[in-house]
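This is what each chain is made of:
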Amino acid sequence: MDLSRTLTGFGAVLLAAALVSNPASAAPADPPPGAPSTRDFGNGPERNEIAATAPEASAESARSAPLGAPPDSRWTPKRQGYPRHTDLRVYPENPADKSIKLGLLPYHAIAPRLNALQAASDRVSAEVVGHSALGRDLYLVTVTAPESAAEAARQDRWRALIEDDPGAARRDRALRRGYKTPVWINANIHGDEWEGTDGAMRVIERLAAATDSATRRMLSRTRVYVTVTNNPDGRIAGTRANGAGFDINRDHATSSQPESRAVRDVVIATQPFVMLDEHGYTGTTLIEPATPPHGQNYEYDLYIRHALPNAEGMEAAIQRLGHPETARADIPFRDYEPGDWDDWPPVFTPMYAIYQGAVGHTVEIPLQVNHEAYETLPVEELRRRSSVNTDVAAATIEAALTYADANRAALLAGQIEQFRRGWAGAPSPRIPDGFVAGFGPEDRYSTVFPRAYVIPAGGAQRSPAAAARLVDHLVAHDVRVSRARRGFALGGRAYRAGSYIVDMHQPKRGLANVLLEAGRDISALVPQMYDISGWSHRLLWGASVDISATALPRVATTGVKVASPTGAVSAARGRDLALTMRDGADVRAVNALLDLGVELRRADADTVLVPAGARREAEVVADRYGVRFTAAARGSTGTPFTAPVIAAAVSADELFALREMGFEVRTVSTDLLNAGAELSDVDTLVVSSGLSYAQLNAAGKAEVDELLARGGVVTRGRTGAAFNAAAGLLPATAVTGRGDANGVVAVRNTGAVVGAGSPPHSFVYSPIWFTGTGFTVEQRYDAVPLIAGHWLPTAPGAGGPGQAADQAAVISGATARGGRAVVFGTEPLFRAHPKGLYAEFARALYWSAS
Ligand SMILES: [Zn+2]
């Protein structure tokens, strides 16, 4: 490898890794060569068997998440030339960093390395583009030939022109000649898949120091962007997740985590032609493009015509390394069966990036060094593997840079065409069989885009706070939203001034649609999927959103940069106030009032009464969280309540969502209770992960029993249903659907607690339903439950949506033990995504605690 001589520290680390390399000995169970690689099951042990203990430091990131609060500041590039030197803060040396054992770069060593590179080379710039859940810096490195401020400004104008006026960009000869090809490399999004970082650093160092004319030429017409580690918390701790317990590579449609928001901002600002997301470990190196089902909102022809040859170029590059383990790559599009490795949901970085104009690839480096291998293999063998993996990461990055440079004109034309089709509302063309080698009918996915979505203002809007949250989310993702200056009529409905319009004739229409459409039932199309198959911000985020298939509202509009404030106190002075808990933002407002010491009463499960004397406090939280207080009905009485003390054995995403709503949550588990954790001051116990009644010892059981006789229990999923049965709470029999089934379902709300004012949709993953009598059915699956997603029976006549039809999805009641319980078969907090379902869970908490 061509290591820079000025960078002896890093070079020495790599050299040491090379010197101790040693042929494989006791190899652990890698996937056998040729076997399809598998993604981690999306609703596995981490959500059902391990109770989250996310540190209080990450609670701050939950409280600053987008729910009911002003959007946090977005990263935008500086307006200056290159290089742009940043003196990165240096972290104290951390001998516990899990990278060290592998001979790789620990997180604390990255900033000194980048500071040295910036000092040594006028081609290298480093910036901080955000912070991890635990507050660590996220770095963006840009490698390019120096640019004056004027040249950089011209590149910015051209980037905007490609998106805003693709026809003009196509005709602009200066742009075609001078636009620097943007390529983005994202590394280490899974913290325990380390070597993307090290391979990327090796490439950066080569590019920084190379004197050959080919590299000089390439850097004169290319900007190489590298997010060096997208997950410092996980890199240090040796975990897939970030410090809040989230898989960032499932968060791109939700943006609940600062790491995914940072790369969202990077991809929008840089608009790459090509991007790689470097992962591991699949035994055989894996390089996308993926199998069907392909996302139906892609301009897939524009993608696959580059994705396949770029992947084959990367495969050739790893073959040239000469390692026995790198003799070939798996390219799922080419080598796997439909459903084995799909690109359907926009939750993965490369899939998300396609909608932003990039040819995106997941790359999985081959040799396992995490999990059991990390603990059991000899250090020399781990370092040998990490050295091979680093070679593979570097080789794929170099090959992608070569491809991007060689095909820069065609890649530019393709991105221009993607945005042109969006603006023109042009149908996506039918792709013929054989368009690229192996393209057949099984690869053909497309959609018909509606003309517009309308998010109504005024009385037609279910939740103004939810509508504002959705608008801010869309705008942050570079979806164009406008606001009607006057009222208008559309499709026989009248809309108030201030209603929002998403005109689907826009450059990133695919992204707009993949967030707003219902989705599709793809159960019949492929035998299985590895992660979520359904999502919908329109159906699950709590706002009313209408679809106009063919007509665009004829009304003057203004572009939206941020949603209009929605908070209000609409009642005469001296009147008591009422707030309806429809949305998570309402819940957060209620918890904020309780924190302020306001004496609240509950009129029913979803109506909270605020005394007239607390109007000032109500105004503050209305403004802060966008919620609306109205006048309480005269003579309203209610039951006083306080902030429930919650103990939770839940998954990390649920802990995060509970904190997002402002609940104070204490984490518990079987182990903690068996070790003496107390519940004497707890009002409600939440159980979904890592708490088994049967496995409690005598002391733990006594503690839980004491709570069950007086307090509440709210459960979710298999672990929760098992707790309900073992503890003898509600006399229901839980029936489990297929474990990997997931998607958006239609429900009927029948109860007064969870059902009160809930939307007619929910989300399931490993769906559960309940039979029996002696409890209240809060919510039922509809007669045809699945709206969008993948849900097959486990066996004929078992575990499928046909068996769940009309069955109880959520139940409540007084328990035989003396307390109250609510048992969920749905997933209202899944990965902090379905914001419109949060209030269902919160109402269950308040009700069960009372
Ligand atoms: Zn990964």
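Source: prediction; values computed, not measured.

Scanning the protein for helices and strands turns up 28 helices and 34 strands. The globule rule puts the C-alpha radius of gyration for 850 residues at 29 Å, and the 27 Å found for the protein is close to it. When its C-alpha atoms are laid out on the principal axes, the protein stretches across 85 × 65 × 55 Å. Expressed as a percentage of the 850 residues in the protein, the buried residues total 62%. Considering only contacts in the protein between residues 6 or more positions apart, those separated by 24 or more positions represent 79%.

With their axes 8 Å apart at the nearest point, helix α8 (residues 195-209) and helix α16 (residues 379-406) run at an angle of 55° to one another. Judged on the interaxial angle alone, α16 and α8 are oblique. Note on packing geometry: the crossing formed by α8 with α16 is right-handed. Note on element contacts: α16 touches α8 through S386, N389, T390, D391, A393, A394, I397, E398 and L401, opposite E195, G196, D198, G199, A200, R202, V203, R206 and L207. Looking at the contact of α8 with α16, its residues break down into 7 nonpolar, 5 polar and 6 charged.

As a further point, take the sheet that holds strand β5 (residues 274-280). Spatially, 8 strands are ordered β1-β2-β4-β3-β5-β10-β6-β8 in an open sheet, and the strand pairing comes out mixed. Of all strands in the sheet, those bounded by a partner on one side alone are β1 (124-131) and β8 (329-330). Against the sheet, α16 engages β3 (181-187), β4 (222-227), β5, β6 (285-287) and β10 (359-365), with an angle of about 170° to β5.

What follows covers the coordination of the zinc ion. Every protein donor of the zinc ion is accounted for by H190 (ND1), E193 (OE), E193 (OE) and H279 (ND1), and the metal-donor separations fall at 2.0 to 2.8 Å. One can describe the donor arrangement at the zinc ion as irregular, given that its 4 donor atoms subtend angles of 52 to 153° at the metal. Each donor residue of the zinc ion belongs to the same chain, with the gaps between them written as H-x2-E-x85-H. Highlighted residues: H190 in the loop between β3 and α8 and H279 in strand β5, separated in sequence by 89 residues.

Our focus in this paragraph is the packing of helix α12 (residues 300-321) against helix α17 (residues 408-424). Packed helix pairs are characterised by how far apart their axes lie and by the angle those axes make with each other. Here α12 crosses α17 at 165°, and the two axes come no closer than 10 Å. Compared by their axis directions, α12 and α17 come out roughly antiparallel. Note that α12 runs across α17; the crossing there is left-handed. Packed against α12, whose contacting residues are D301, L302 and H306, the element α17 presents A410, L411, G414, E417, Q418 and R421 at the interface. Considered class by class, the residues forming the contact of α12 with α17 number 3 nonpolar, 3 polar and 3 charged.

Time to look at the sheet that holds strand β15 (residues 500-503). Strand order in this open sheet of 5 strands is β16-β11-β15-β12-β17, and the pairing throughout is antiparallel. Edge strands, defined here as strands with exactly one partner in the open sheet, are β16 (546-548) and β17 (557-559). Each strand of the sheet is rotated relative to its neighbour by a mean of 30°, with strand direction disregarded. Pairing of strand β11 (residues 452-455) with β16, which is carried by 3 bridges, proceeds in the antiparallel orientation. Of the residues in β16, the one forming a bridge with A452 is S548. Where helix α18 (residues 464-476) meets the sheet, its contacts fall on β11 and β15, and the angle it forms with β11 comes to roughly 140°.

Let us look at helix α25 (residues 698-708). Side chains that are three or four residues apart share a direction in an α-helix, a result of its 3.6 residues per turn. Among the residues of α25, those classed as buried are G700, E703, V704, L707 and L708. Taken down its axis, α25 places every buried residue within 135° of arc, on the same side. In this fold, the buried residues of α25 make contact with α24 (670-674), β26 (684-687), β27 (712-716) and α26 (717-726).

Let's shift gears to the pattern of salt bridges. A side chain of one charge can pair with a side chain of the opposite charge if their charged atoms are brought near each other. Enumeration according to the criterion identifies 51 salt bridges in this entry. With a shortest N-O distance of 2.9 Å, R235 and D198 are connected by a salt bridge. With R235 in helix α10 (residues 232-237) and D198 in helix α8, this residue pair connects regions lying 37 residues apart in the sequence. When the shortest N-O distance is used, the salt bridge between R250 and D247 registers 4.0 Å. Accessibility expressed as a relative area gives 18% for D247, which makes it buried.

Moving on, we get to the side chain of S125. Examined against the element boundaries, S125 turns out to sit in strand β1. A relative accessible area of 1% means that S125 is categorised as buried. In terms of polar contacts, S125 uses its side chain to reach the backbone amide nitrogen of R84, at 2.8 Å.

A general tendency of soluble globular proteins is for nonpolar side chains to be buried together. Counting 145 residues, the largest nonpolar core has L114, I204, L474, V481 and V502 as its most contacted members. It is α16 that provides the largest number of residues to this core, a total of 12 residues. Residue contacts for V481: discarding those within four places in its chain leaves V471, L474, V475, Y500, I501, V502, T558, G559 and V560. Counting residues in hydrophobic clusters, the runner-up holds 69 residues, among them A585, L600, A809 and L845.

A few words now on the confidence of the model for the protein. Averaged over the protein, the pLDDT score is 93; the fraction of residues at 70 or greater is 93%. Predicted confidence in the protein is weakest over helix α1 (residues 8-19), with a mean pLDDT of 33, and strongest over β3, with 99. The model gives residues 1-38 a pLDDT under 50, and that stretch makes 57 contacts with residues more than four places away or in other chains.

Cut-offs applied
Residues numbered from 1 in each chain as written. Predicted model: local features only at pLDDT ≥ 70, side-chain atom pairs only at ≥ 80, totals over all residues. Heavy atoms only, no water. Helix = DSSP H or I, 4+ residues; strand = E, 2+ residues; numbered from the N terminus. Rg over C-alpha atoms; globule rule 2.2 N^0.38 Å. Buried < 20%, exposed > 50% of the residue type's maximum accessible area, 1.4 Å probe, protein only. Contact = heavy atoms within 4.5 Å. Axes fitted to C-alpha atoms, helices over the stretch in contact; angles between N-to-C directions. Parallel < 35°, antiparallel > 145°, perpendicular 65-115°, else oblique. Left-handed = near helix turned anticlockwise from the far one by under 90°. Nonpolar A, V, L, I, M, F, W, Y, C, P; charged D, E, K, R; others polar. Pairing = 2+ DSSP bridges. Donors = N, O, S within 2.8 Å, 3.2 Å for Na, K, Ca; no water. Tetrahedral: all angles 85-135°; square planar, octahedral: opposite > 155°, others 65-115°. Arc of directions from axis to C-beta. Salt bridge = Lys/Arg side-chain N within 4 Å of Asp/Glu carboxyl O. Polar contact = N/O pair within 3.5 Å; in protein donor to acceptor, adjacent residues only side chain to side chain. Core = buried A, V, L, I, M, F, W, Y, C linked by side-chain atoms within 4.5 Å. pLDDT = per-residue confidence, 0-100.

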